[in-house]
Amino acid sequence: MDLYYEIHGKGKPILMIHSGGADSRDWSLITPLLQDRFQVIAMDGRGIGNSPSPVGQPNYILDVLSLLDHLNLPQAAIVGHSMGGQIATEFAIHYPERVSELVLIAPALSGYPYSDEFQDYMKHVGEAAPDVELMIERSIGAPSYEVARNSPQRELMVDMLRRHFLRTFTWPAAAFAPIWPTPPAYERLEEIQTRTLFIIGDQELPDNLLIAESFQRVPDIRFVRITGADHMVTLTHPEAVSQHITDFVED
């Protein structure tokens, strides 16, 4: 196993998959609140944090499978934030026997028809390269980061973004086209049989709120909306997020 991961605590295993633009520190305020009850596994995705850069097209779903196999875990609760939620969703569809519970925090969704406004925002960030500080400024300037950028966790968020952008400059071109299963999860949400918890803040982009509506097609799903939280709810509301995870996984 070449991916970097940390394990904290003992008990029922929970694998945490961070958001795009972040690393395993996405969970740094949540892990201490979970580790007394669970075995918390926080990984750095391929090309992120302390994990090695991809040498070709990454397959994030197989990376998760490989980590569970490496740790000899036949099953774990899978928690994914943003892009990590996209990975977790695909993993639950393709390897349902390996997922005891699925927790999605403001997830992205493969195959979802993102709006022109969202795609323009992403393009605007990318066009600032290689000026990393301008990329950060444009990224956190979105309304979905307003709470976090005005919080004590701003510097942590910025540092993760800075390290992420710098790492991507070292990636081969193929790494920007990861392998996603077909048909995409957007077309298969009703196939998810795992008990699912969906957490989202109320200060989100319209696309992310519409994705939440799409997940209503999941047969066994519970929704939680956290007031006064934006896309980085993991940093600004760790107590609420960890309590909802605990209650759900122990239910």
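Scroll up for the structure.
Residues numbered from 1 in each chain as written. Predicted model: local features only at pLDDT ≥ 70, side-chain atom pairs only at ≥ 80, totals over all residues. Heavy atoms only, no water.

Novice: Could you give an account of the overall build of the chain, naming the residues involved and the relevant values?
Specialist: If you tally the helices and strands in the chain, you get 10 helices and seven strands. The globule rule puts the C-alpha radius of gyration for 251 residues at 18 Å, and the 17 Å found for the chain is close to it. Taken along the three principal axes of its C-alpha coordinates, the chain extends 45 × 40 × 35 Å. Within the chain, the fraction of its 251 residues that count as buried is 54%. Looking at the chain alone, contacts between residues at least 24 apart form 77% of all its contacts between residues at least 6 apart. Carbon and sulfur atoms make up 51% of the accessible area of the chain, which totals about 10,800 Å². Taking the 18 positively charged and 34 negatively charged side chains of the chain as two groups, their mean positions are separated by 3 Å. (Helix = DSSP H or I, 4+ residues; strand = E, 2+ residues; numbered from the N terminus. Rg over C-alpha atoms; globule rule 2.2 N^0.38 Å. Buried < 20%, exposed > 50% of the residue type's maximum accessible area, 1.4 Å probe, protein only. Contact = heavy atoms within 4.5 Å. Areas by Shrake-Rupley, 256 points an atom, 1.4 Å probe, with all protein chains shown as cover. Lys, Arg positive; Asp, Glu negative; His and termini not counted. Charge placed at Lys NZ, Arg CZ, Asp CG, Glu CD.)

Novice: Describe the packing of helix α2 (residues 60–70) against helix α3 (residues 83–94), with residues and values.
Specialist: Contact geometry of α2 with α3 gives a least axis separation of 9 Å together with a crossing angle of 75°. Our classification of the angle between α2 and α3 gives roughly perpendicular. From α2, Y60, I61, V64, L65 and L68 reach across to α3, where they touch M83, I87, E90 and F91. Of the residues assigned to the contact of α2 with α3, the class counts are eight nonpolar, no polar and one charged. (Axes fitted to C-alpha atoms, helices over the stretch in contact; angles between N-to-C directions. Parallel < 35°, antiparallel > 145°, perpendicular 65-115°, else oblique. Nonpolar A, V, L, I, M, F, W, Y, C, P; charged D, E, K, R; others polar.)

Novice: With reference to specific residues and values, describe the pairing of strand β4 (residues 76–81).
Specialist: By the criterion of burial, β4 is predominantly enclosed, with six of the six residues buried. Residues A76, I78 and G80 point to one face of β4 and A77, V79 and H81 to the other, with burial holding for every one of them. Pairing of strand β2 (residues 12–17) with β4 involves four bridges; the strand directions are parallel. Residue pairing for β4: M16 is matched across the bridge by V79. Of the pairings in the sheet, the one linking β4 to strand β5 (residues 99–105) comprises five bridges and is parallel in character. Bridge assignment links H81 to a residue of β5, and that residue is I105. Handedness of the crossover joining β4 and β5 through α3 is recorded here as right-handed. (Pairing = 2+ DSSP bridges. Right-handed = clockwise from strand over helix to strand, strands pointing away.)

Novice: Give a detailed account of the packing of aromatic side chains, specifying residues and quantitative values.
Specialist: Scanning the entire structure with this criterion turns up nine aromatic pairs. Arranged with centres 6.0 Å apart and planes meeting at 55°, the rings of Y60 and W180 form a pair that is tilted. With Y60 in helix α2 and W180 in the loop between α7 (154–168) and β6 (196–201), this residue pair connects regions lying 120 residues apart in the sequence. The buried category is assigned to Y60, whose relative accessible area is 10%. By the ring-pair criterion, three or more aromatic residues cluster together here, those being Y112, Y114, F118, Y121 and Y186. (Phe/Tyr/Trp six-rings, centres within 6.5 Å; stacked < 30°, edge-to-face > 60°.)

Novice: Provide a residue-level description of the pattern of salt bridges, including the pertinent values.
Specialist: Think of it this way: side chains of opposite charge can pair up when their charged atoms draw near. Counted under the stated rule, the structure contains 15 salt bridges. Close ionic contact of R25 with D159 constitutes a salt bridge, the shortest N to O distance being 2.7 Å. Of the two residues, R25 is situated in the loop between β2 and α1 (31–34) and D159 in helix α7; the sequence distance between them amounts to 134 residues. Relative accessible area serves as the criterion here: at 32%, D159 is assigned to the partly exposed category. Note that E133 and R162 form a salt bridge whose closest N and O atoms lie 2.9 Å from each other. Residue E133 is located in helix α5 (residues 132–140), and its partner R162 is located in helix α7; the two are separated by 29 residues in the primary sequence. Residues participating in the shared-partner salt-bridge network are K12, E101, R195, R222 and D251. (Salt bridge = Lys/Arg side-chain N within 4 Å of Asp/Glu carboxyl O.)

Novice: Now, about the side chain of S24: what can you tell me, with residues and values included?
Specialist: Its location among the elements puts S24 in the loop between β2 and α1. Owing to a relative accessible area of 12%, S24 belongs among the buried residues under this scheme. Once residues within four sequence positions are removed from consideration, S24 is found in contact with Y4, H18, A42, M43 and D44.

Novice: So what about the side chain of R167? Which residues, and what values?
Specialist: Here R167 lies in helix α7. For R167, which is buried and forms no salt bridge, the nearest opposite charge comes from D44, at a distance of 6.9 Å. Not counting residues within four places of it along the chain, the set of residues in contact with R167 comprises G47, I48, G49, N50, S51, P52 and S53.

In short, shape yes, function no, at least from these values alone.
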